[in-house]
Each structure stands twice: as C-alpha cells, then as structure tokens.
Amino acid sequence: MVLFATLEMIQRHIKKNVYIADVLEKSKQTNQLKEKFVSRLSRQLKTPLSSLKSLIEISKDPISFNEFKNNVGNISDVCDQLESVIQQLVNINKSEIGKLKLQAKNVNLKKLINNNMSILTKEAENNKIVLKNNITSELTVASDEKLISQLVIQLVTEVLDSSNNITLSIDAQIKK
C-alpha cells in the first residue's frame, strides 16, 4: 500500500537526517541546520500561541453561546497543534536513540488530513494559499495516525513558508 511505503520512506528520511547530522564536521554547516530548525520550530509554536491569545481576547467580550462553543473548538484544535509540535520533538529524540515505534491502526485518511489542514487554515489564508483535500471519504488505511499527522503538518508548513498565491491539493489512491 502507498502509505506503508510512505511510512518506510519517513523512517528512512529520519535515519538519513540523523546520519547526516552525525557526519557533519564543519561548525558552519551545523549552525545553519540549527538555525533552520529553531526558526521552523519557533514558527510552529508561535502560530498556535497567537491563535490562543486571539481566542482569549475575543472571549473577554460578551459572546453568544454558539460563538463560545466555536472558540472552545478552535482552542482545542490549537492545543492539538501544539501537542503535535511537542510530539515531533519527542519523536526526533526517540529516532536518535532508536526507540521510535509505530502505532498502526485503521485511520480515515480524509478526516485525518482535514483535521490537520484546519489547524493551518488561518496561516494559509494569510499567505493566500488554498488548501484542498481531494481524498475520498471512504479511504481508510492502517497507519500511525500521529506520525502521519506530523508529516502532513510539517509538509504543509514548509509550503506555507515558501509559497504564496497557490492551491495545495492532497490526493491519495490505493495502488494494487
């Protein structure tokens, strides 16, 4: 299946990055990697924190029950994003010491992608990027849900960092 191959590719990618980091001898190259990582991590943390602050400010004024429910849902989504960033850091550490284990279960891929894209919708709108999920709703795969979520967020974040005025479409199909 395509996603199993993707998980293998992710594991190879993680191992390759770890190997490259170990092999780097020049301090200039090491500093560049460190700066890039810290910059990306900082951005991934700042975005949900800014959203939380905005939602808290909005909630200080009298609002309807429906607006309150919507804000609570948004706060929950932002907390999920923060948790995902923290989990990425944990996974990097686990992969470096060889303790990263996959937790495969049946996952509705469309729902998973939608949940992750909704976290990044505001940032995408700021960059005039349209996010589209073209995956059929019945597509269920056996995969590690958290790892796929982290991958989607990381890939979409990289597109947001480097693009404006585009449409990002996510498609999936089962190859037999």
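Before going into details, it helps to say that this report is about the structure given with it.

With that settled, the discussion passes to the overall build of the protein chain. Within the protein chain, the secondary structure is distributed over six helices and four strands. Listing each helix as α and each strand as β along the protein chain from the N terminus yields α-α-α-β-α-α-β-β-α-β. Per-residue burial over the protein chain gives 28% buried out of 176 residues. Across the protein chain, every contact between residues at least 6 apart in sequence was considered, and the portion connecting residues at least 24 apart equals 85%. Split by element, the accessible area of the protein chain, about 12,000 Å² in all, is 54% carbon and sulfur.

A separate point is helix 4 (residues 109–119). Regarding helix 4, the residues found buried are Leu109, Leu112, Ile113, Asn116, Met117 and Ile119. The arc that holds every buried residue of helix 4, seen down its axis, measures 150°, which confines them to one face. Its side-chain oxygen at 3.1 Å from the backbone nitrogen of Lys110, Asn108 defines the N-terminal cap of helix 4.

Here the focus is the pattern of salt bridges. The full count for this structure, using the stated rule, is one salt bridge. The closest approach of N and O atoms between Glu145 and Lys105, which form a salt bridge, is 3.1 Å. With a gap of 40 residues between them, Glu145 in helix 6 (residues 145–162) and Lys105 in strand 1 (residues 104–108) connect regions that are remote in the sequence. When its relative accessible area of 31% is taken as the criterion, Glu145 is described as partly exposed. Residue classification places Lys105 among the partly exposed residues on the basis of a relative accessible area of 45%.

Once that is clear, we can look at the nonpolar core. In this structure, Leu109, Ile113, Leu120, Ile135, Val156 and Leu160 are the most contacted members of the largest nonpolar core, which totals 22 residues. Of all elements in the fold, only helix 1 (2–23), helix 4, helix 6 and strand 4 (166–170) reach the threshold of two or more residues within this core. The greatest single-element share of this core, amounting to six residues, is contributed by helix 6. With sequence-adjacent residues up to four places away left out, Leu160 is seen in contact with Arg43, Leu120, Glu123, Ala124, Asn127 and Ile129.

Calculation notes
- Residues numbered from 1 in each chain as written.
- Predicted model: local features only at pLDDT ≥ 70, side-chain atom pairs only at ≥ 80, totals over all residues.
- Heavy atoms only, no water.
- Helix = DSSP H or I, 4+ residues; strand = E, 2+ residues; numbered from the N terminus.
- Buried < 20%, exposed > 50% of the residue type's maximum accessible area, 1.4 Å probe, protein only.
- Contact = heavy atoms within 4.5 Å.
- Areas by Shrake-Rupley, 256 points an atom, 1.4 Å probe, with all protein chains shown as cover.
- Arc of directions from axis to C-beta.
- Polar contact = N/O pair within 3.5 Å; in protein donor to acceptor, adjacent residues only side chain to side chain.
- Salt bridge = Lys/Arg side-chain N within 4 Å of Asp/Glu carboxyl O.
- Core = buried A, V, L, I, M, F, W, Y, C linked by side-chain atoms within 4.5 Å.

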